[in-house]
Amino acid sequence: MKPNSGTLVINIMNGGKAEAYEGVYQCTARNERGAAISNNIVIRPSRSPLWTKEKLEPNHVREGDSLVLHCRPPVGLPPPIIFWMDNAFQRLPQSERVSQGLNGDLYFSNVQPEDSREDYICYARFNHTQTIQQKQPISVKVFSMDSLNDTIAANLSDTDIYGAKPVTERQPVLLTPTGSTSTKVELRGNVLLLECIAAGLPTPVIRWIKEGGELPANRTFFENFKKTLKIIDVSEADSGNYKCIARNTLGSAHHVISVTVKAAPYWITAPRNLVLSPGEDGTLICRANGNPKPSISWLANGVPIAIAPEDPSRKVDGDTIIFSHVQERSSAVYQCNASNEYGYLLSNAFVNVLAEPPRILTPANKLYQVIADSPALLDCAYFGSPKPEIEWFKGVKGSILRGNEYVFHDNGTLEIPVAQKNSAGTYTCVARNELGKIQNEVQLEIKDPTMIIKQPEYKVIQRYGQVSFECIIKHDSTLLPTVTWLKDNDELPDDDRFLVGKDNLTIMNVTDKDDGTYTCIVNTTLDSVSASAVLTVVAAPPTPAIIYARPNPPFDLELTGQLERSIDLSWIPGDENNSPITNFVIEYEDALHEPGVWHYQTEVPGTQTTVQLKLSPYVNYSFRVIAVNKIGRSQPSEPSEQYLTKSASPDENPANVQGIGSEPDNLVITWEPLKGFQSNGPGLQYKVSWRQKDVDDEWTSVIVANVSKYIVSGTPTFVPYEIKVQALNDLGYAPEPSEVIGHSGEDLPMVAPGNVQVHVINSTLAKVHWDPVPLKTVRGHLQGYKVYYWKVQSLSRRSRRHVEKKILTFRGNKTFGMLPGLEPYSSYKLNVRVVNGKGEGPASPDKVFKTPEGVPSSPSFLKITNPTLDSLTLEWGSPTHPNGVLTSYTLKFQPINNTHELGPLVEIRIPANESSLILKNLNYSTRYKFYFNAQTSVGSGSQITEEAVTIMDEGKMAGILRPAVGAGKVQPLYPRIRNVTTAAAETYANISWEYEGPDHANFYVEYGVAGSKEDWKKEIVNGSRSFFVLKGLTPGTAYKVRVGAEGLSGFRSSEDVFETGPAMASRQVDIATQGWFIGLMCAVALLILILLIVCFIRRNKGGKYPVKEKEDAHADPEIQPMKEDDGTFGEYSDAEDHKPLKKGSRTPSDRTVKKEDSDDSLVDYGEGVNGQFNEDGSFIGQYSGKKEKEPAEGNESSEAPSPVNAMNSFV
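Description of the structure in this document. (Residues numbered from 1 in each chain as written. Predicted model: local features only at pLDDT ≥ 70, side-chain atom pairs only at ≥ 80, totals over all residues. Heavy atoms only, no water.)

### Details of the overall build of the chain
Right, so step 1: From N to C terminus, the chain includes six helices and 87 strands.
Right, so step 2: Considering the chain as a whole, with its 1211 residues, one finds that 38% of them fall into the buried category.
Right, so step 3: Here the analysis covers contacts within the chain between residues at least 6 apart in sequence; of these, 63% occur between residues at least 24 apart.
Right, so step 4: Accessible surface, the chain as shown: approximately 67,600 Å² in total, 51% of it carbon and sulfur. (Helix = DSSP H or I, 4+ residues; strand = E, 2+ residues; numbered from the N terminus. Buried < 20%, exposed > 50% of the residue type's maximum accessible area, 1.4 Å probe, protein only. Contact = heavy atoms within 4.5 Å. Areas by Shrake-Rupley, 256 points an atom, 1.4 Å probe, with all protein chains shown as cover.)

So this is what it looks like as structure tokens:
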């Protein structure tokens, strides 16, 4: 035996006899854990004995008779190979008449004169000993009828009657096997050889059939001129009666061979090694089959288990050993022996009882690099007993990974099917069993994919020109790409004309051989991309040009060789029109099922004009042919004649079989019906079978018509069923269908989630937890959980409102969820319901929770009234959303000088129950800016701003020069923007403002999310209009906004805060989007425009007008007062001298301007300056006619009306 090995070497090269080692050997391997044994190994020496001496008489045979030359070789080990030769060592020719049988004998169905010879020699070749033995030559003499008659005539007198009969024909007689029947036994998996050799004249022809069946396709072969039937890899299904029939012109003879296929044992389930930990249970299963049925016996460590040491944890039950509460001493090697009279099987299975803490075999901190959007596989190879449980975590303090975005393999591998950039990081694998825990970290890096951002393009170049292909790439900065160019999927030619640059390929002096496909391949260590382009090399433009066209259609279609499943189609090609035909496309029409519809059948090369087509049963075929060249496809040929194939049973079963219940007590089985030509015959039906899974029930079947659905009633609620649907027609059934798993109908869940807990995270966010319901109570496919929550009341207002329930759905088996968008300082209720495919289950008991206080919103308004020399009165409204208990208000204010510089800031704290304040000791004729907000115990809310001016001292006003009037309006002391108002919808807001300052100001609007530190976004306002529409806003979001003028540094309005409306499922019809309203507004605008044009034309004409007359009456016409009766401007004058204002024309001391008689002011639409705007900035209020106006409040403009109002008054 070889050292350190179990190999046994027997060497007889240096003497010794092989017979001394003849016998049965078996190997046993043993250690402290047990003993394993091998199969029996039989050693027998090879033998090649000599032929026994015998005296062979010559064979005298009459012409036409049969003859058998016996070989009878000596018995050798292994058996010899037999062949017949002559003295010159040439094989004797064999044919249907003369052939060698399986036993080595040489058979003559009938002898002919040329068969006479004296050197028929049988040879036996023993391959193992490499020797050939020969039998003594056999002599055969054939007498013809003519020579036999001459011999008889020479020995008899003339008076004798003589004359042998001439050669007569005979009907077949079997030479082997003899009799009418015989039997044959063969083992499963072997080759079955059946032989029939017949005598007769003429020479019989042999044919084989299997009674009651067909010879197996693909495994049946005929040898020795069909005298031998060969079936390979036989199985029990090949058992039966095989008949050989020998036939010639005079008759036939037959023989029936009854074949029985036996089987040595073969495995169904071989025992497998078992690793158990102390106290665990397990089983060893040993199942084998054979014919006859093999017997199963067990051994333990090579000893029959009946006499092996007793183990109380072990119990033998036929082909199974059951282990219960094993201990470490239970470790052993068990052998299963399955045997019958034809052989045996032996298999070892090691039962290893181990108690091992987990071990992780994957190296620590292993780095994985993956391309983005590709799968990532993170290994965690482990070992332990009991088998450890594997868990994966991400990050140092991450939670356990779960969900559909991960796949957990049994070998511990974590798969991320689509790795994203945020998938990168550290992943921890934890393996634990009852003996311990171990963990290992691996790193995952996600790389950007390599891309070809500019691919090579198709090029056509004239011969001897220059061409260049580009291949510009983008790749991950940490990966090093390599670029390779190929021509026709092979390396570039070794030619200096090919220049490979960093991102291009240039070919100099192009020749015809450069024509082809060029491919740019970019490889990194993680990915590869490629792009190709074709280069076509052409000569100078040919003259004259050849006209290329699609080919003409083929014609003269002919059907031949009609069979059940095939037919031959031939045709004559049409003219190819200067472009060779590359292929022919054959299409077919089924006039029986789909008349007028042509389907693709096959295609053949353009050099082929005939094809054998495969056919389906029960189809009425017509064929047509289409020719194809590089230009295109021809018109179809005329259809061929029709050919109707015979019916047959279906070849296939319906696809997409499903079982889904529509009601709690039914199962709806659906399938895709077979198409017409798939039916293979008339009377297409379906056999629908079902049985409850995991229950020992018989199949229930029903045959239905050609439909696609069957409903099973009276089923239990949501249980799995095994389903199969088999097609059949009038000729039989399709093959056995595969089974699918379906479920009966779902019902509403029975149980509500329990242990609902709410954890309030902050004033607007809460986290809800619940216990999952038992799966058996779901009574359907678990869809997830729904959380219903609603606000009961605000804790600050103590007023109830309409309850609007909100719903959040959490998919899958989640047990927690976040509730966003809560209102601070409010009382809420919620409940949780489980959801399946049928609907929602009962609600859990309502859970009450409260949100803490938050910061308040800005005060609802801030008005500044009653300006005096040194005081202003402030009035305000409480915040719309106090979000808690208001503790106080904070007022900050500071003066603004004429250069817009801010003075010192003064802060005043005001009690929460106050709604007005009088500020005293202010400077006269000074503009102040005010900042006002509210506070709760949590902090300050957003502020509202406003500006106001104290009035001038009357004594000082007398010595101040009045402001000049230019271009028809009073110039303000300095520019400002005030009264910024907003009207917000879901996704847009209308911003409007009032402006005091120079004409032709260019406005802009800045906005951003309230409370955000992001930069302001800026929108330019077209023209000098005083409104703008902000679009693309997010519903339910608070925004800050301010308005400024271009070219005036630091000149902008105070901030305003607004909130967009919540997203709604549908929107009410807006009157401003209605066609009739748009048309009406367009007509009004057109009328106003015409009136304006007429007025400007009149003003610009020469001569004096009433305006000119008044110019002559005033010495200082540039500055004119406003009429006190109607608030309109005085008449226009172009004189240049100045004159004081008329008495009574001064702006009132309360800085208001009366506008009683303006018939078409903007404030007459809708709600005045607070009127709503549509998204395009148009007014959407109804025209309300003349209204009585209240005087503007103290913080409004002290100047003339806006230019728009002034123009309307002028017209």
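Here the narrative resumes, following the displayed structure.
### Points about the pattern of salt bridges
Right, so step 1: Scanning the entire structure with this criterion turns up 31 salt bridges.
Right, so step 2: One salt bridge connects Asp-651 with Arg-565, and the closest N-O pair in it is separated by 3.5 Å. Remark: Arg-565 occurs in the loop between strand E50 (555–560) and strand E51 (566–572) and Asp-651 occurs in the loop between strand E56 (643–644) and strand E57 (655–660); sequence separation between them is 86 residues.
Right, so step 3: According to the relative accessible area criterion, Arg-565 is partly exposed, its value standing at 39%.
Right, so step 4: Of the charged contacts, one joins Glu-840 and Arg-833 as a salt bridge, the two residues approaching to 3.6 Å between their closest N and O atoms.
Right, so step 5: Through salt bridges with shared partners, a single ionic network connects Arg-62, Asp-65 and Arg-170. (Salt bridge = Lys/Arg side-chain N within 4 Å of Asp/Glu carboxyl O.)

### Concerning empty space enclosed by the protein
Right, so step 1: For the structure on display, the rule yields two cavities of 30 Å³ or more.
Right, so step 2: In this structure, the second largest cavity spans a volume of roughly 40 Å³.
Right, so step 3: Within the lining of the second largest cavity, the residues separate by chemical class into three nonpolar, three polar and one charged. (1 Å grid on protein atoms, 1.4 Å probe; cavity = no way out; pocket = protein on both sides within 12 Å on 5 of 7 lines; lining within 4 Å. Points joined across faces, edges and corners; volume = space filled by probe spheres on them. Nonpolar A, V, L, I, M, F, W, Y, C, P; charged D, E, K, R; others polar.)

### What to know about the packing of aromatic side chains
Right, so step 1: This structure, assessed with the given rule, holds 23 aromatic pairs.
Right, so step 2: Three or more aromatic residues link up through ring pairs in this structure, and these residues are Phe-83, Phe-89 and Tyr-123.
Right, so step 3: Against the face of Tyr-120 rests Arg-117, its NZ or CZ located 5.8 Å from the ring centre. (Phe/Tyr/Trp six-rings, centres within 6.5 Å; stacked < 30°, edge-to-face > 60°. Lys NZ or Arg CZ within 6 Å of the ring centre and 35° of its normal.)

### With respect to the sheet that holds strand E71 (residues 847–850)
Right, so step 1: Judged by pairing direction, the sheet is antiparallel, and its four strands sit side by side in the order E68-E67-E70-E71 without closing on themselves. Of all the strands in the sheet, just strand E68 (806–811) and E71 have a single pairing partner and so form its edges. Across the sheet, the mean angle separating the axes of adjacent strands is 30 degrees when strand polarity is ignored.
Right, so step 2: Across four bridges, the pairing between strand E70 (residues 826–836) and E71 is antiparallel. (Pairing = 2+ DSSP bridges. Axes fitted to C-alpha atoms, helices over the stretch in contact; angles between N-to-C directions.)

### As for the sheet that holds strand E83 (residues 1003–1009)
Right, so step 1: Strand order across the open sheet formed by four strands is E84-E83-E86-E87, with antiparallel pairing between neighbours. The open sheet has two edge strands with one neighbour each: strand E84 (1017–1020) and strand E87 (1056–1059). Put simply, the sheet's adjacent strands are angled 30 degrees from each other on average, direction ignored.
Right, so step 2: Sheet topology places E83 next to strand E86 (residues 1038–1045); seven bridges connect them, and they run antiparallel. Along E86, the bridge assignment pairs Val-1009 with Tyr-1039.

### Description of a nonpolar patch on the surface
Right, so step 1: A cluster of nonpolar side chains, namely Leu-1086, Leu-1089, Ile-1090, Ile-1093, Val-1094 and Ile-1097, defines an oily patch on the protein surface of about 530 Å² accessible area.
Right, so step 2: Structurally, Ile-1093 can be placed in helix H4 (residues 1075–1100).
Right, so step 3: Given the relative accessible area of 44%, Ile-1093 is considered partly exposed. (Patch = residues over 30% accessible without salt bridge, like charges linked within 9 Å, V, L, I, M, F, W, Y side chains within 5 Å.)

### So, the environment of Ser-888
Right, so step 1: With respect to the helices and strands, the residue Ser-888 is situated in strand E74 (residues 888–896).
Right, so step 2: Classification of Ser-888 by relative accessible area gives buried; the value is 6%.
Right, so step 3: Taking C-alpha positions, Ser-888 is 6.1 Å from Ala-934, a pair spaced 46 residues apart along the chain.
Right, so step 4: Excluding residues that lie within four positions of it along the chain, Ser-888 makes contacts with Arg-909, Ile-910, Pro-911, Ala-912, Ala-934 and Gln-935.
Right, so step 5: In this structure the side chain of Ser-888 is engaged in a polar contact, spanning 3.2 Å, whose partner is the side chain of Arg-909. (Polar contact = N/O pair within 3.5 Å; in protein donor to acceptor, adjacent residues only side chain to side chain.)

### Let's talk about the pairing of strand E44 (residues 482–487)
Right, so step 1: In this sheet, strand E48 (residues 516–523) lies alongside E44 in antiparallel orientation, the contact comprising six bridges. Bridge pairing in E48 links Thr-484 to Ile-521.
Right, so step 2: Pairing analysis gives two bridges linking E44 to strand E45 (residues 490–491), with the strands arranged antiparallel. Within E45, the residue paired with Lys-487 across the bridge is Asp-490.
Right, so step 3: Taken together, E44 and the strand that follows it, E45, pair antiparallel across an intervening segment of two residues, in which Asp-488 is found at a positive phi of about 50 degrees.

### A closer look at the side chain of Thr-220
Right, so step 1: Assignment of secondary structure puts Thr-220 in strand E18 (residues 220–223).
Right, so step 2: Exposure remark for Thr-220: the relative accessible area of 18% places this residue in the buried category.
Right, so step 3: Within the structure, the side chain of Thr-220 is placed 2.5 Å from the backbone oxygen of Pro-216, a separation counted as a polar contact.
Right, so step 4: Leave out the neighbours within four places in its chain, and Thr-220 touches Leu-215, Leu-229, Lys-230 and Ile-231.

### Digging into the state of the cysteines
Right, so step 1: Per the stated rule, a full pass over the model turns up five disulfides.
Right, so step 2: Covalently, Cys-196 is tied to Cys-244 through a disulfide, its sulfur atoms 1.8 Å apart. Here the disulfide of Cys-196 and Cys-244 is left-handed, its torsion about the S-S bond being about -65 degrees. Taken together, the residues span a long stretch of sequence, with Cys-196 in the loop between strand E15 (192–195) and strand E16 (197–201) and Cys-244 in strand E20 (residues 240–248) at a distance of 48 residues.
Right, so step 3: Classification of Cys-244 by relative accessible area gives buried; the value is 1%.
Right, so step 4: Numbered in order of appearance, the disulfide-bonded cysteines of the chain are paired 1-2, 3-4, 5-6, 7-8, 9-10. (Disulfide = S-S within 2.5 Å.)

### Looking at the side chain of Asp-476
Right, so step 1: Structurally, Asp-476 is set in the loop between strand E43 (472–474) and E44.
Right, so step 2: Among buried charged residues, Asp-476 stands out as having no salt bridge; its nearest opposite-charge side chain is Lys-421, 4.2 Å away.
Right, so step 3: In this structure the side chain of Asp-476 is engaged in a polar contact, spanning 2.8 Å, whose partner is the backbone nitrogen of Asp-448.
Right, so step 4: In this structure, Asp-476 is in contact with Lys-421, Lys-447 and Asp-448, ignoring residues within four places of it in sequence. (Lys, Arg positive; Asp, Glu negative; His and termini not counted.)

Everything listed here is a matter of geometry and, on its own, says nothing about what the molecule does.
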